[in-house]
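# Chains, contacts and geometry: an overview
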Amino acid sequence: MANSAKGFDVRKQWGFTTIAAVCFVLLYLPVVLLVVYSFNAGTSVAIWEGFSLQWYRSAWDNQQVQEATVRSLVLAFWASLIATSAAVLAALATTRVRPFKGYSTVFAAINQPLMVPEIVTAVALLILFAGIKVQTGYTGLGYLVLAHSAFCIPFAYLPIRARLQGMDLTLEQAASDLYASPFQVFRRITLPQLWPGILAGAMLAFVISLDDVVITEFVKSAGQDTLPTYMLGQLRRVVTPEVNAISTVLLAISVTMVIAFFFLSRVKK
Amino acid sequence: MIEIDKVSKAYGAGKSRFMALNDVSVTIRKNEFFTLLGPSGCGKTTLLRVIAGFVDPTEGSVTMDGQDLLVLPPHRRPVNTVFQSYALFPHLTVRQNIAFGLEMLGKPKAEIAQTVDEMMALVQMTAMADRQTGQISGGQQQRVALARALAPKPKVLLLDEPLSALDFKLRKDMQIELKRLQTETGITFVFVTHDQEEALTMSDRIAVMSAGSIRQIGSPHDIYEQPAERFVADFIGDTNFLPVQVGTVQGDMAEVTLSSGKTVAARAVLGGQGGGTTLAIRPEHTRLVPPDQGLLQGRLENVVYFGTDTHYHVAIGKDETIVTRAQNLPGSVAQFKTGDTVGVDFPAGVGQVLKD
C-alpha cells in the first residue's frame, strides 16, 4: 500500500484521530441513547427512571403497531422481490452486451431514484396515483408496492451489477463451448454464481423499503400506515419510549440482515 | 478435417484498424496433433477462438468435414476447448464439471456416469471426484479441464496454452501425458503455444505464426531443420545468421560463398538466384577446428558452460558472430580457451538459405 510507506501515515496527521472520534460519537451516540431509553420505566425519552420492558410489551399489544408491522413487512417483501427481479435483468443487460451508444444514459435511467429528490418522486406519484384512483376506484396496497419497487431498483441493481462485472466471462464461454444454450448458461453457470449479489441486492432493497417515510407518506391511502409513518404520526402527538422500542426492534432486524448477508457471501466465496 | 480458408479478423476501423488475423489458410487433418506456435499477439489464440466460435472472422470461411462452422453458435460446434485459465466451474465438484458437457447434450444418466468415471480414470483424478475445484492443485485443475473437454468426445479438441501456468517439471510430465491422450483417443488436437520446445516435442505438424499470418507449416523436423525465413529460424531454437552470396542453384541445393570467401553447399527452399542473402545454421551443426582448418576463422570471445553442452562464441570479422555448440561427453576436454584464434566448420547441406 502506497499510503503506508514511511513518511506518510494518515493516523499521525494532526487532528485526524479527533475528527474520527467525533464522527463515531455523532453516528452512534444517538442510536445508543435510543436503545437505552427504550428500556426506560418512565414515560420520558430523556429522563431515566429505571429498567423496564413495559414499552416493548405495550408496542407488542398495540394493534396499530401490529398492523403497521405486518403491512411494512408485506410491502418490503413484494417491493424487494419485484425490484430484485428487475435489477437482475437490468444488470445482465448492462454487463453482458457489447458497449453500445447511449450506455451511460441507460445506466443513469436505471439509477434515476438515486438522483431525483425523493420528495419530487413522492409528489409526482401522488398526482399520478390520485388520477388512477379516481378512474379505477382501487385503493389497495398496490400503489405502495409499485412505488417502493421503483425506488428500490437501484439499490438492488448496484450489488448485482458489481457481482456480474467481477465474474469471469470465460466460465460462460466454457459452458457454451460444452453445448449449453444461452439459457442453460444463465441457469447453470451465471445464476448460481450471482446468488450472493442477488441476496445482497434483495436485502438492501428490503431494508430500504422498510425504512421509507417520504414516498410512503405521500402515496399511502387512509389506514395504510407502515411502521415508519405510524411512528412519525405518533411523534406529532406525545412521545413515549414505545417509539424507542419499535426503533430498537427495527434496528435489530437491519443489523441481523446485514450480518447474515456478510456471512452468507463469505461462505459462498 | 478443418479447413480454414482466407480467414481475416480486423479490430477497430480507420487508423486504429488492427488485423489480428490476415488471410490465414490452413487445413488441419483428422487425428493430428496440430500446433499453432508464435509469440504473444501473433493471432494464434484468435484463430483458435474463431474455430471455437467465440470470435467471428471479418472474412473467410471455416468448415469441418464439409460443414460450414461459422453459421453455428459455439454450443452447436462439435469442438471443445481447454482454456488457458482452465475456466472450471467453481460451484461444481470435479465430477460435476466433467459431466457438464454430457448433461447439456442430454445423454442418459447411466451413460454420463460411466463416461465421467472413464475420464477421471484417464486423467487419474478418480480420488478427487467429489472435491470442489478450488480445493485441488493447479496441475489437477489442468487435468480436470482436459477431462471435461474430452468427455463429450469432440471431433476436435482446442487447447489454449493449457500448460503455461504449470511449473517446469509438471509441464514436462503433462506434455507426455497430452501426447499419450491424443494418441489413445484419436481426437484431433489443435494446440496453441508460444513455447517452441513444447511445440517440437508434441506436434505432428506446426504452423508458425507472426503478426496475424502463418509463416510456415510443417513437421517439427521440417520447421527446425528447414526454416523458410528468418523469423521462423530465429523463433525456433538458436540460429546463426551468416551473410552469404548465392552462386549456382541446383534443385534445392545452392552453392553459397561465405564472408571468408570459401564456398559450401546449402539447402535453398526458394532457389534464390545470386545476390547477397542470409544463411541460417544451427549452433549444434557447427564445430570448432584448429585455425588453419574450417570454413571460417575468428577469435574465441566467450565460452559458456550449460551442463549438457558448452557454447562457444566466435567473432568473425567486425560484426559477424557465430555460436558453436558442443555436447559435453564423458572425457571431452576443452580444446580451446577464450582469446584463441579458431576455425569453425560445418558440413555441406546443413545450412539453409533464407527467403529474405
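Residues numbered from 1 in each chain as written. Chains lettered and ligands numbered in written order. Predicted model: local features only at pLDDT ≥ 70, side-chain atom pairs only at ≥ 80, totals over all residues. Heavy atoms only, no water.

Applied cut-off: UniProt positions are given in the numbering used here, feature names are shortened, and annotations may be inferred rather than shown by experiment.
Identification of chain B as Spermidine/putrescine import ATP-binding protein PotA from Sulfitobacter brevis is taken from an unreviewed UniProt entry. One UniProt comment on chain B, placed under Function (unreviewed entry), says "Part of the ABC transporter complex PotABCD involved in spermidine/putrescine import. Responsible for energy coupling to the transport system."

The name an unreviewed UniProt entry gives chain A is Spermidine/putrescine transport system permease protein PotC, with Sulfitobacter brevis as the organism. If you open the UniProt record of chain A and go to Function (unreviewed entry), you find "Required for the activity of the bacterial periplasmic transport system of putrescine and spermidine." A UniProt comment under Sequence similarities (unreviewed entry) is attached to chain A, and it reads "Belongs to the binding-protein-dependent transport system permease family. CysTW subfamily."

## A look at the overall build of chain A
Just so we agree on the cut-off: Segments assigned H or I by DSSP are reported as helices when at least four residues long, segments assigned E as strands when at least two residues long, and all are numbered from the N terminus. Only protein chains enter the accessibility calculation, which uses a 1.4 Å probe; a residue whose area is less than 20% of its type maximum is buried, one above 50% is exposed, and one in between is partly exposed. Should any heavy atoms of two residues lie within 4.5 Å, those residues are counted as being in contact. Note that accessible areas follow from Shrake-Rupley with a 1.4 Å probe, and for residues the cover is restricted to the protein chains shown. This count recognises Lys and Arg as positive and Asp and Glu as negative, with His and chain-terminal groups excluded. Charge coordinates come from a single atom per side chain, which is NZ of Lys, CZ of Arg, CG of Asp or CD of Glu.
The number of helices and strands found in chain A is 12 helices and 0 strands. For chain A, the α and β elements follow one another from N to C terminus as α-α-α-α-α-α-α-α-α-α-α-α. Principal-axis analysis of the C-alpha atoms places the extent of chain A at approximately 70 × 70 × 35 Å. For chain A, with 269 residues in total, the buried portion stands at 38%. Long-range pairs, those at least 24 residues apart, make up 69% of the contacts in chain A with a sequence separation of at least 6. Split by element, the accessible area of chain A, about 15,700 Å² in all, is 71% carbon and sulfur. Charged side chains in chain A number 19 positive and 13 negative. The centres of these two groups are separated by 11 Å.

## A word on the packing of helix H3 (residues 63-95) of chain A against helix H7 (residues 142-166) of chain A
All names here are of chain A. As a reminder, the rule being used: Think of each axis as a best-fit line through the C-alpha atoms, taken over the contacting stretch in the case of a helix, with angles from 0 to 180 degrees between the N-to-C directions. Here the word oblique covers every angle except those under 35 degrees (roughly parallel), over 145 (roughly antiparallel) and from 65 to 115 (roughly perpendicular). Crossings are sorted by hand: turned counterclockwise from the far helix by less than a right angle, the near helix makes the crossing left-handed, and turned clockwise it makes it right-handed.
Remark: H3 packs on H7, axes separated minimally by 6 Å, with the N-to-C direction vectors making an angle of 45°. As summarised for this structure, H3 and H7 are arranged oblique, according to the angle between their axes. Considering the relative orientation of H3 and H7, their crossing is right-handed.

## What about the sheet that holds strand E15 (residues 287-289) of chain B?
Residues and elements named next belong to chain B. Formally: Strands are treated as partners if at least two bridges between them are detected by DSSP.
Taken in spatial order, the 5 strands make up an open sheet running E15-E19-E16-E17-E18, and their pairing is antiparallel. Of all the strands in the sheet, just E15 and strand E18 (320-327) have a single pairing partner and so form its edges. Shown here is a sheet whose adjacent strand axes are inclined to one another by a mean of 50°, direction ignored. As paired elements, E15 and strand E19 (residues 341-345) share 3 bridges and run antiparallel to each other. Pairing of Arg287 across the sheet is with Asp345, part of E19.

## Here's the deal with the domain arrangement of chain B
All names here are of chain B. What counts, and what does not: The split into domains, and so the bounds of each, comes from an automatic or database assignment of domains. Note on definitions: buried area is the accessible-area loss of two parts on being combined, 1.4 Å probe, summed for both. The salt bridge definition used is simple: a Lys or Arg side-chain nitrogen within 4 Å of an Asp or Glu carboxyl oxygen. Under the rule applied, a polar contact is a pair of N or O atoms within 3.5 Å (in protein, one hydrogen donor and one hydrogen acceptor; residues adjacent in sequence only if both atoms are side-chain atoms).
Assigned domains within chain B: domain 1 (2-230) and domain 2 (238-353). For domain 1 and domain 2, the distance between their C-alpha centres works out to 39 Å. Domain 1 puts 6 residues into the contact, and the matching count from domain 2 is 7 residues. Both sides together, the interface formed by domain 1 and domain 2 hides about 750 Å², and carbon and sulfur atoms give 45% of it. Of all residues in domain 1, the largest losses of buried area upon contact with domain 2 belong to Tyr224, Glu225 and Arg230, amounting jointly to 64% of the total for that side. At the boundary of domain 1 and domain 2, one finds 0 salt bridges. At the junction of domain 1 and domain 2, the tally comes to 4 residue pairs in polar contact (both at pLDDT 80 or more). Of all the elements, helix H7 (residues 220-225) adds the most residues to the side of domain 1 that touches domain 2, at 3 residues.

## What to know about the interface of chain A and chain B
Contacts between the two partners involve 18 residues from chain A, matched on the other side by 26 residues from chain B. Summed over both sides, the interface of chain A with chain B buries roughly 1,900 Å², with 62% coming from carbon and sulfur. Of all residues in chain A, A:Asp177, A:Leu178 and A:Tyr179 bury the most surface against chain B, accounting for 41% of the area lost on that side. Counting every contact that joins chain A to chain B gives 1 salt bridge. In this structure, the salt-bridge partner of B:Glu103 is A:Arg188, at a minimum N-O distance of 2.9 Å. At the junction of chain A and chain B, the tally comes to 7 residue pairs in polar contact (both at pLDDT 80 or more). Elements supplying a minimum of two residues to the side of chain A that touches chain B: helix H8 (169-177) and helix H9 (182-211) of chain A. Broken down by element, the residue count for the side of chain A that touches chain B peaks at 7 residues, all from H8(A).

## Section: the UniProt feature "domain: ABC transmembrane type-1" (unreviewed entry) in chain A
Here, UniProt's "domain: ABC transmembrane type-1" (unreviewed entry) annotation points to residues 69-261 of chain A. Taken end to end, residues 69-261 of chain A comprises 82% helix and 0% strand; its first and last C-alpha atoms sit 22 Å apart.

## A word on the environment of B:Lys107
Residues and elements named next belong to chain B. Along the polypeptide, Lys107 turns up in the loop between helix H2 (94-104) and helix H3 (109-122). C-alpha separation for the pair Lys107 and Pro283, spaced 176 residues apart in sequence, amounts to 55 Å. Apart from the residues within four sequence positions on either side, Lys107 is in contact with Leu102 and Ile112.

## Describing the domain arrangement of chain A
Accessible area lost when the parts come together is the quantity often used to give the size of an interface. Residues and elements named next belong to chain A. Put simply, the rule reads: When residues are grouped by polarity, Ala, Val, Leu, Ile, Met, Phe, Trp, Tyr, Cys and Pro land in nonpolar, Asp, Glu, Lys and Arg in charged, and all others, Gly among them, in polar.
Domains assigned within chain A are domain 1 (11-52) and domain 2 (62-268). In this assembly, 10 residues from domain 1 lie in contact with 8 residues from domain 2. Among the residues of domain 1 in contact with domain 2, Leu34, Ser38 and Val45 are the three that bury the most area, contributing 59% of the side total. Across the contact surface, domain 1 and domain 2 share 0 salt bridges. Viewed at the interface, domain 2 and domain 1 are joined by 1 residue pair in polar contact (both at pLDDT 80 or more). For the side of domain 1 that touches domain 2, the residue count by class is 5 nonpolar, 5 polar and no charged.

## Here's the deal with the UniProt feature "domain: ABC transporter" (unreviewed entry) in chain B
Here the UniProt-annotated "domain: ABC transporter" (unreviewed entry) positions come out as residues 2-236 of chain B. Taken end to end, residues 2-236 of chain B has its terminal C-alpha atoms 26 Å apart, with 36% of it in helix and 26% in strand.

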